[in-house]
Amino acid sequence: NAYKDLYIGGSFFLGGTGSANALDDYEEGTCTIGVGASSSAPTVSLGNATGYYTKIGNVVTVQWYSAASTVSNAGSGIMSLTGFPFTTKNADTAYNVGTISHVNTGSNAFWASSTECDTFYMNYNNTTAYVIANGTTSGVTIDTSGTKYIMIQVSYLAN
């Protein structure tokens with residue numbers, strides 16, 4: 001096996017055998033994703049709240065699909081996605097951006113009022129993401145009409 005010499009004492013080493021080169025942290029699991037708002041909480045019934053993650057070193061990748069969900073009260077403020085499994089890296093210039101897909105067919109919005117959106121960002125030192133409108137840096141508010149679906153994927157640096 002060509003990789004045999006890279007495995008030493010329970011760790012894989014990349015680019016050298018110094019401690020900084022050890023890949024000694026790998027984890028897979030689930031997390032509970034929620035939908036919130038920045039000023040006051042909405043009333044949301046999620047069809048699925050379970051997200052899946054893989055963490056390798058300090059890189060975390062999260063995937064989540066909401067299934068059929070409803071909103072009876074939009075709350076107020078910018079729509080947020082909560083419950084990411086690890087706090088983002090504490091670096092004031094390291095905003096992480098994720099992708100949203102699977103909007104409702106025939107609708108101009110999926111969860112957001114009066115606009116399409118397919119991205120979100122995560123502040124540093126946080127486990128919450130904020131949904132932004134396409135082509136802007138403005139956050140969006142939650143729409144209460146119809147059944148909602150959302151798929152996300154994000155990779156981010158954790159502390």
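Treat the numbers as computed from the prediction; the structure is a model and nothing was measured.

**Q** Explain the confidence of the model for the chain here, please?
**A** Do not read the fine detail of predicted coordinates wherever pLDDT is low. This prediction gives the chain a mean pLDDT of 83; 86% of its residues lie at or above 70. Note on residues 105–109: pLDDT is under 50 here. Beyond four places in sequence and across chains, it has six contacts.

**Q** Got a minute to help me understand the packing of aromatic side chains in this structure?
**A** Any aromatic ring pair is given by two values, namely how distant the centres are and how the planes are angled relative to each other. Under the counting rule described, the total for this entry stands at four aromatic pairs. Between the aromatic rings of Tyr53 and Phe86, the centroid separation amounts to 5.4 Å while the plane-to-plane angle is 85 degrees, which identifies the pairing as edge-to-face. Here Tyr53, found in strand β7 (residues 50–56), pairs with Phe86, found in the loop between β10 (79–82) and β11 (96–101); they are 33 residues apart in sequence, far enough to count as distant. Ring-pair connections join several aromatic residues into one group, and the members of that group are Phe84, Phe120 and Tyr156. The positively charged end of Lys55 is found above the aromatic ring belonging to Phe86, 5.2 Å away from the centroid.

**Q** Sorry, what's going on with the sheet that holds strand β5 (residues 34–37) here?
**A** One key point about sheets: their strands pair by backbone hydrogen bonds, in either a parallel or an antiparallel sense. Sheet architecture is open: nine strands sit in the order β4-β7-β8-β14-β11-β12-β13-β10-β5, paired in antiparallel fashion. The sheet is open, and its two borders are formed by β4 (26–32) and β5, each paired with just one other strand. Across the sheet, the axes of successive neighbouring strands diverge by a mean angle of 25 degrees, strand direction being ignored. Sheet topology note: the β7/strand β8 (residues 59–65) ladder contains six bridges and is antiparallel. Across the sheet, residue Tyr53 finds its bridge partner in β8, namely Val62.

**Q** Teacher, can you tell me more about the environment of Asp24 here?
**A** Topologically, Asp24 is positioned in the loop between β3 (22–23) and β4. It is 7.6 Å that separates the C-alpha atoms of Asp24 and Gly10, two residues lying 14 residues apart in sequence.

**Q** What's the story with the pairing of β7 in this structure? I'm lost.
**A** It is a general feature of regular strands that their side chains alternate between the two faces of the sheet. Every second residue of β7 is oriented toward a common face, the buried set being Gly51, Tyr53 and Lys55 and the non-buried set Thr50, Tyr52, Thr54 and Ile56. Relative to β7, β4 runs antiparallel, the two sharing seven bridges. By the bridge assignment for β7, Tyr26 is matched with Ile56. Hairpin connection of β7 to β8: two residues between the antiparallel strands, including Gly57 at a positive phi of 65 degrees.

**Q** Even after reading the chapter, I still don't get the pairing of strand β12 (residues 119–122), so can you show me in this structure?
**A** Only one face of β12 is covered, namely the face carrying Phe120 and Met122; the face carrying Thr119 and Tyr121 is uncovered. Here four bridges tie β11 to β12, and the two strands are oriented antiparallel to one another. Across the sheet, the residue bridging to Asn96 is Met122, located in β12. As paired strands, β12 and strand β13 (residues 129–132) are joined by four bridges and run antiparallel to one another. When the bridges of β13 are listed, Tyr121 appears paired with Tyr130. Counted between consecutive antiparallel strands, the loop separating β12 from β13 contains six residues, among which Asn125 sits at a positive phi close to 55 degrees.

**Q** Just to check I follow, could you spell out the side chain of Thr128 for this structure?
**A** Relative to the elements of secondary structure, Thr128 occurs in the loop between β12 and β13. Given a relative accessible area of 13%, Thr128 falls into the buried group. In this structure Thr128 touches Ser80, Leu81, Thr82, Tyr121, Met122 and Asn123, once residues within four positions along its chain are discounted.

Rules used throughout
- Residues numbered from 1 in each chain as written.
- Predicted model: local features only at pLDDT ≥ 70, side-chain atom pairs only at ≥ 80, totals over all residues.
- Heavy atoms only, no water.
- pLDDT = per-residue confidence, 0-100.
- Contact = heavy atoms within 4.5 Å.
- Phe/Tyr/Trp six-rings, centres within 6.5 Å; stacked < 30°, edge-to-face > 60°.
- Helix = DSSP H or I, 4+ residues; strand = E, 2+ residues; numbered from the N terminus.
- Lys NZ or Arg CZ within 6 Å of the ring centre and 35° of its normal.
- Pairing = 2+ DSSP bridges.
- Axes fitted to C-alpha atoms, helices over the stretch in contact; angles between N-to-C directions.
- Buried < 20%, exposed > 50% of the residue type's maximum accessible area, 1.4 Å probe, protein only.

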